[in-house]
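# Observations on chain architecture
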Amino acid sequence: MNTSVIGFPRIGKNRELKFASEKFFKGEIREEELRQTAAELRAYGWKKQQEAGVKFISSNDFSFYDNVLDTAVLFNIVPKRYKELGLTELETYFAMARGYQGDKGNVKALAMKKWFNTNYHYIVPEIDDDTEIKVAGTKPYDEYEEAKALGVETKVSLIGPFTLLKLAKYTGKKNINDFKDALTEAYTVVIGELAKKGAAWVEVDEAYLVRDLSAEDIALFKEIYDKILAKKSSVKILLQTYFGDVRDAYNDITSLDFDGIGLDFLEGRLTEELVEKNSFPEDKFLFAGLVNGKNIWKNNYAKTLDKLKSLKAKFGDKVVLNTSCSLLHVPYTLESETKLTEDYTQHLAFAEEKLAELKELSVLSDIADKGNVAAETAFQNNQKLFHGRVNSEDKAVQERVAGIKESDYTRLPEFNEREKIQKERLGLPIFPTTTIGSFPQTADVRRNRQEFRKGLISEEQYVEFNKKKIADCIALQEEIGLDVIVHGEFERNDMVEYFGEHLAGYIFTEKAWVQSYGTRCVKPPIIWGDVSRKESITVKWSKFAKSCTDKPVKGMLTGPVTILNWSFPREDISIKESTLQIALAIRDEVLDLEANGIDIIQIDEAALREKLPLRRSDWYSEYLDWAIPAFRLVASGVRPETQIHTHMCYSEFTDIIPAIDAMDADVITFEASRSDLQILDSLKENNFKTEVGPGVYDIHSPRVPSVEEIVEALRKMRDRVEDKKLWVNPDCGLKTRGDKETKESLVNLVKAAETLRSEVQ
């Protein structure tokens, strides 16, 4: 059976792309060196797939920052403010992603949002009325020919035009209908040029098809592809979907002249039913997404082969075994993990191991090869992993979850009464200023942690270093004039991994890095068993911070939904069950912080939106009905005078504002700077009761916002948020920023808040 991979990781086994890019940003290497690193990473991925016998290997799945941004640049969707900087092509590209502040100008980055239901972030294309859509680059051709020169024939992967149009932001009077024809023509030009260069297949990724679609959406999709497919020439077109099923458009897409259609049989709840009920065209290849591109557990060969057998019985050799989505969302290889024992690793499969699974399943699916001893042995070994397997169980944890009462999800007294009590207790000024939590993790901070882990310094030395950093950080915040202080989180490697290390039921990797955005990589821990708190996690650091200042200090925690969503979850129990286990563990930490005099506790739920079903009809029944109560469970036991904060970032929140209000936090901070404060209108429309801190500047960019810029943002906020409910803060944690830009930005933030106070007094 032929196999296919939608996309392959690109950061490098040891994050080579991250480090090369950051050196380029600092001017430490030339563009040629960065491009050479990129070429080496592409070659590595192509060769690995070729060695695994993958028939359909993607090219143009590589990106220096983001594939959606690549596609926008390819079609000249570059706002004028970036072109006017007069930078090189690659520098302009990075300016769109990161912002630019230098001798050629000062511009903010484009908006950044979560890629559907993942922790990967894409850059939102911005189309204004003057945008001239046309082919303005050669990346798809260049990478196709690059692979071919290495002896690797590839299918060329493109973000599809329908998805691009739906994800774009339109800043003028024109809309999708004004740009669809030009974009459609540009795609036909690219596909035609690829055909001339000998490409046999072009893959168009139309992930937006798994969302709720209107009749207008479907009509737009058909209009676009009627034109593209009519001019496809000799090249074959694969329509690729992932992250769900295409229930709204199944019959429409199968009626079009695609040569292949990729469907997700794992996250697509109705995919199997759609194929069974409506059949599948005999003249098309069915790319069946059955190897999980998002989780790291071994594939259960028996279940996968049963589905393949059923599909092959109906559609024969037209079935291609596919990954469910790009392998971008999993780490490179288990070969880098030297500390996990085989008891654990035998159950896991990262990107390269998934290539081996594709190869073994391909052989096993062919009846003629049933006598293949190696394949049969692989099957038997695989099945041993699933027979009688029980992840680490803790009966006490299970009983505690079973004993949760409905009243445990409710905090008393109600918000309005708590708000009055807290304002009197805390005595904060109007427009109180704070940060989201973390301060820069500079080289000395990382070195201290690494040396402690390696046993090169004692625990006492490690703790004393961190205490010194905390004291200095608090002194800096007092000097700047911030009203609510944080301790800086210098002891934390990651907002999820750090907590996982103090929870029973987790295991950890050494080099299992996954790209979150640009050069930002995360190392998600793995939920192996039932979760409980082994020990107090943050109390000693928060107590020390409180001893350094007379100002209120926030205790900083990560919420249960985010811990779950930014881990690789178990597959043997529901994510609801896992989340409630984590919620009880974090609840214990909240109560410990309160008992130790911490008056403000922030419980970050940055990833709340991430696992929200892509279809609105499934939001409550499959997610919000337990995710929101899980947050309330964490905070419901505190006294009314204890102020509970939460934080969310880089997702679309406007359509779930009532659910966010129902979390019953006292203050919520969220990203707003890159999205031009769009969420504020939704807050006003929904009579949002919670106090809010919309981010006034973008921390994912190195540029320093001016006082005037922040004041302007705050004035817009005041039009939509009551003065007594408005907080002033950056849009996310400051971990990835440098000391100098952090201080300058926060000084300007405080000055802007003072300006506003003078206007209302």
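Residues numbered from 1 in each chain as written. Predicted model: local features only at pLDDT ≥ 70, side-chain atom pairs only at ≥ 80, totals over all residues. Heavy atoms only, no water.

### Notes on the environment of Tyr332
Within the secondary structure layout, Tyr332 lies in the loop between strand E14 (319-323) and helix H13 (342-345). Linking Tyr332 and Val514, residues 182 residues apart in sequence, is a C-alpha distance of 8.2 Å. Beyond its immediate sequence surroundings of up to four residues, Tyr332 is in contact with Phe8, Pro9, Arg10, Ile11, Gly12, Lys13, Tyr44, Phe350, Ala351, Glu352 and Glu353. Polar contacts involving the side chain of Tyr332 include one to the main-chain amide nitrogen of Ile11, which spans 3.5 Å. For Tyr332, the side chain forms a polar contact with the main-chain nitrogen of Gly12, separated by 2.9 Å. (Helix = DSSP H or I, 4+ residues; strand = E, 2+ residues; numbered from the N terminus. Contact = heavy atoms within 4.5 Å. Polar contact = N/O pair within 3.5 Å; in protein donor to acceptor, adjacent residues only side chain to side chain.)

### Overview of the sheet that holds strand E1 (residues 3-4)
A sheet is described by the order of its strands in space; here eight strands give the open sequence E1-E14-E13-E12-E11-E10-E8-E2, paired in parallel fashion. Looking at strand neighbours, the two that pair on one side only are E1 and strand E2 (57-59), the edges of this open sheet. Judged from the three bridges that link them, E2 and strand E8 (residues 154-159) form a sheet pairing that is parallel. The residue bridging Ser59 from the neighbouring strand is Val156, located in E8. Relative to the sheet, helix H8 (residues 176-196) contacts E8, strand E10 (201-205) and strand E11 (236-240), its axis offset from that of E8 by approximately 170°. (Pairing = 2+ DSSP bridges. Axes fitted to C-alpha atoms, helices over the stretch in contact; angles between N-to-C directions.)

### Section: the side chain of Thr184
As for its position among the elements, Thr184 is in helix H8. With a relative accessible area of 4%, Thr184 lands in the buried category. Not counting residues up to four positions away in its chain, the partners in contact with Thr184 are Ile224, Lys227 and Ile228. (Buried < 20%, exposed > 50% of the residue type's maximum accessible area, 1.4 Å probe, protein only.)

### Thoughts on the pattern of salt bridges
Inspection of the entire model under this criterion finds 68 salt bridges. Each of Asp212, Asp245, Arg247, Asp248, Arg269, Arg615, Asp618 and Glu622 takes part in one network of salt bridges that share partners. (Salt bridge = Lys/Arg side-chain N within 4 Å of Asp/Glu carboxyl O.)

### Describing the sheet that holds strand E21 (residues 643-648)
An order of E19-E20-E21-E22-E23 is seen for the five strands of this open sheet, with the pairing classed as parallel. Only two strands of the sheet have a single partner each, and these edge strands are strand E19 (554-558) and strand E23 (691-694). Geometrically, the sheet is characterised by an average inter-axis angle of 20° between neighbouring strands, direction not taken into account. Sheet analysis places E21 next to strand E22 (residues 667-670), joined by four bridges and oriented parallel. Note on E22: the bridge partner recorded for His645 is Val667.

### Here's the deal with the nonpolar core
With 113 residues, the main nonpolar core has Phe75, Trp115, Leu209, Phe221, Tyr225 and Phe258 as its most contacted residues. Of all the elements, H8 adds the most residues to this core, at nine residues. Not counting chain neighbours up to four residues away, the residues in contact with Trp115 comprise Val68, Tyr120, His121, Tyr122, Ile159, Thr163, Leu167, Ala207, Tyr242, Phe243 and His329. One finds Ile603, Ile656, Leu726 and Cys732 within the second-largest nonpolar core, a separate group that totals 100 residues. (Core = buried A, V, L, I, M, F, W, Y, C linked by side-chain atoms within 4.5 Å.)

### Remarks on the pairing of E22
Residues Val667 and Thr669 point to one face of E22 and Ile668 and Phe670 to the other, with burial holding for every one of them. In the sheet, E22 pairs with E23 via four bridges, with the strands oriented parallel. Looking across to E23, one finds that Val667 is bridged to Glu691.

### A few points about the packing of aromatic side chains
Inspection of the entire model under this criterion finds 31 aromatic pairs. Summarising the aromatic geometry, the rings of Phe24 and Phe94 are spaced 6.0 Å apart at their centres and angled 50° between planes, so their arrangement reads as tilted. Of this pair, Phe24 sits in helix H1 (residues 16-25) while Phe94 sits in helix H5 (residues 89-98), and the two are 70 residues apart along the sequence. By the burial criterion, Phe24 is buried, and Phe94 matches it. Taken together, a centroid distance of 6.3 Å and an interplanar angle of 35° make the contact between Phe221 and Phe258 tilted. With Phe221 in helix H9 (residues 215-230) and Phe258 in the loop between helix H10 (250-255) and strand E12 (260-264), this residue pair connects regions lying 37 residues apart in the sequence. For the pair Phe221 and Phe258, one class covers both residues: buried. (Phe/Tyr/Trp six-rings, centres within 6.5 Å; stacked < 30°, edge-to-face > 60°.)

### Side note on the side chain of Ser567
Mapping Ser567 onto the fold places it in the loop between helix H22 (560-565) and helix H23 (575-595). Of note is the side chain of Ser567, whose polar atom sits 2.5 Å from the backbone oxygen of Ile563. Those residues within four positions of Ser567 in sequence are excluded, and the remaining contacts are Val496, Tyr506, Pro524, Pro525 and Ile527.

### A word on helix H15 (residues 373-384)
The end-to-end C-alpha distance of H15 is 17 Å, a good match for the 16 Å that 12 residues give at a rise of 1.5 Å each. When we look at burial in H15, the residues that qualify are Ala375, Ala378, Phe379, Asn382 and Gln383. Looking down the long axis of H15, one finds its buried residues gathered within 130° of arc, a one-sided arrangement. Along H15, the residues that are exposed and aim more than 90 degrees away from the buried face are Val373, Ala374 and Lys384. For H15, the secondary structure elements touched by its buried residues are helix H12 (301-315) and helix H14 (351-364). (Expected span 1.5 Å × (residues − 1). Arc of directions from axis to C-beta.)

### Notes on the pairing of strand E13 (residues 285-291)
Counting buried residues along E13, seven of its seven residues qualify, which places the element largely inside the surrounding structure. Across five bridges, the pairing between E12 and E13 is parallel. The partner of Gly260 across the bridge, within E13, is Phe285. Traced from E12 through helix H11 (residues 271-278) to E13, the parallel crossover comes out right-handed. In this structure, E13 lies alongside E14, joined through five bridges in parallel fashion. Note on E14: the bridge partner recorded for Ala288 is Leu321. This β-α-β element, E13 to H12 to E14, shows right-handed connectivity. (Right-handed = clockwise from strand over helix to strand, strands pointing away.)

### Structural notes on the state of the cysteines
Applying the stated rule across the entire model yields zero disulfides. Counting only cysteine sulfurs, Cys548 is the nearest neighbor of Cys473, a cysteine outside any disulfide, at a range of 10 Å. (Disulfide = S-S within 2.5 Å.)

### With respect to the packing of helix H3 (residues 67-74) against H5
Direction vectors running N to C along H3 and H5 enclose 130°, while the axes themselves pass 11 Å from each other. As far as their axial angle goes, H5 and H3 are oblique. In this structure, H3 meets H5 at a crossing whose hand is right-handed. Every residue of H5 that contacts H3 at Leu69, Asp70 and Val73 is listed here: Tyr93, Met96 and Ala97. Among the residues making up the contact of H3 with H5, the classes are represented as five nonpolar, no polar and one charged. (Parallel < 35°, antiparallel > 145°, perpendicular 65-115°, else oblique. Left-handed = near helix turned anticlockwise from the far one by under 90°. Nonpolar A, V, L, I, M, F, W, Y, C, P; charged D, E, K, R; others polar.)

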